[in-house]
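Single-letter residue listing:
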Amino acid sequence: MSEIVIEVIEADLRDALHAEAVLRLLDEYARHPMGGGMGLPNETRNVLIEKMQAHPCVFALLAYEGEQAVGVAICVEGFSSFAAKPIMNVHDLNVAKTMQNKGIGRRLLEAVEAKAREHGCCALSLEVRGNNTGAQHLYRSFGFHVGGERIEPAEAYMYWRKPLDEVGDDSR
């Protein structure tokens, strides 16, 4: 059995193929119960790429197997006032259902971490549903740990983080 070859690139949201891949993979995630089960509303689909392009701290990474986009990470660079450094938030991460459990999520996280380190970020952060044990396993194996909880109606979201330096390990 041959190993799959995955390439992770930063999406050029001006490229129609990249933009469509981001929308397709994000919509797949939104249709899954962990993403709300509803898909992206048309009004969101119609403006998402334009709004992402206009926001200087937002970017998307795409994982490709050959010519097919099979994973996406949408990230937002923020700022940690406690560390006085940038922090990188993984806002959305999705691997196409047919490609899960093949290391693609890990490859996306590795690419996010590399970009965060290039930007001098002190940590990575993300939120994960309390009942999403598969994602929690991946995040834990990648070095994330629970950093706090926030309760949403009917669902618990946990805030997780991965320090990238001593300053980022403030447990806040």
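Note that the structure is predicted; figures quoted are calculated from it, not measured. (Residues numbered from 1 in each chain as written. Predicted model: local features only at pLDDT ≥ 70, side-chain atom pairs only at ≥ 80, totals over all residues. Heavy atoms only, no water.)

### Overview of the pattern of salt bridges
Item 1. Here the structure, examined in full by the defined rule, presents 8 salt bridges.
Item 2. For the salt bridge of E10 with K115, the shortest nitrogen-to-oxygen distance reads 2.9 Å. Of this pair, E10 sits in strand β1 (residues 6-10) while K115 sits in helix α3 (residues 104-118), and the two are 105 residues apart along the sequence.
Item 3. Residue class for E10 comes out partly exposed when judged on its relative accessible area of 41%.
Item 4. As a salt-bridge pair, D27 and R31 come within 2.6 Å of each other at their nearest N and O atoms. (Salt bridge = Lys/Arg side-chain N within 4 Å of Asp/Glu carboxyl O. Helix = DSSP H or I, 4+ residues; strand = E, 2+ residues; numbered from the N terminus. Buried < 20%, exposed > 50% of the residue type's maximum accessible area, 1.4 Å probe, protein only.)

### Examining the side chain of R161
Item 1. Inspection of the secondary structure assignment puts R161 in strand β7 (residues 155-163).
Item 2. Of the polar contacts made by the side chain of R161, one reaches the side chain of Y159; its length is 3.4 Å. (Polar contact = N/O pair within 3.5 Å; in protein donor to acceptor, adjacent residues only side chain to side chain.)

### Concerning the environment of N94
Item 1. With respect to the element layout, N94 can be found in strand β4 (residues 85-95).
Item 2. Assessed through its relative accessible area of 9%, N94 is described here as buried.
Item 3. Residues N94 and L25, spaced 69 residues apart in sequence, show a C-alpha to C-alpha distance of 6.6 Å.
Item 4. Those residues in contact with N94, other than ones at most four positions away along the chain, are L25, E28, Y29, V70, G71, V72, Q100 and L108. (Contact = heavy atoms within 4.5 Å.)

### Some points on the nonpolar core
Across soluble globular proteins, nonpolar side chains show a tendency to be buried alongside one another.
Item 1. V22, L62 and Y139 are the most contacted members of the largest nonpolar core, which has 50 residues in total.
Item 2. Filtering out sequence-adjacent residues up to four positions away, Y139 remains in contact with L93, L109, L126, V128, F144 and W160. (Core = buried A, V, L, I, M, F, W, Y, C linked by side-chain atoms within 4.5 Å.)

### Examining the confidence of the model for the chain
Should the pLDDT be low somewhere, the predicted coordinates at that spot are not to be read in detail.
Item 1. Confidence in the prediction of the chain, expressed as mean pLDDT, is 89, and 90% of residues score 70 or more.
Item 2. When the elements of the chain are averaged for pLDDT, strand β6 (residues 145-152) gives the smallest value, 60, and strand β2 (residues 58-65) the largest, 98.
Item 3. Of the regions scoring below 50 in pLDDT, residues 150-154 engages in 5 contacts with residues more than four places distant in sequence or in other chains. (pLDDT = per-residue confidence, 0-100.)

### A few points about the pairing of β2
Item 1. The buried fraction of β2 amounts to 7 of the 8 residues, a majority that puts the element mostly inside the structure.
Item 2. Looking at chain direction, β1 and β2 are connected through 5 bridges and run antiparallel. Within β2, the position partnered with E7 by the bridge is Y64.
Item 3. Here 8 bridges tie β2 to strand β3 (residues 68-80), and the two strands are oriented antiparallel to one another. Residue pairing in the sheet places L62 in a bridge with V72 of β3.
Item 4. As consecutive antiparallel partners, β2 and β3 are separated by 2 residues, and within that stretch G66 has a phi angle of approximately 65 degrees, a positive value. (Pairing = 2+ DSSP bridges.)

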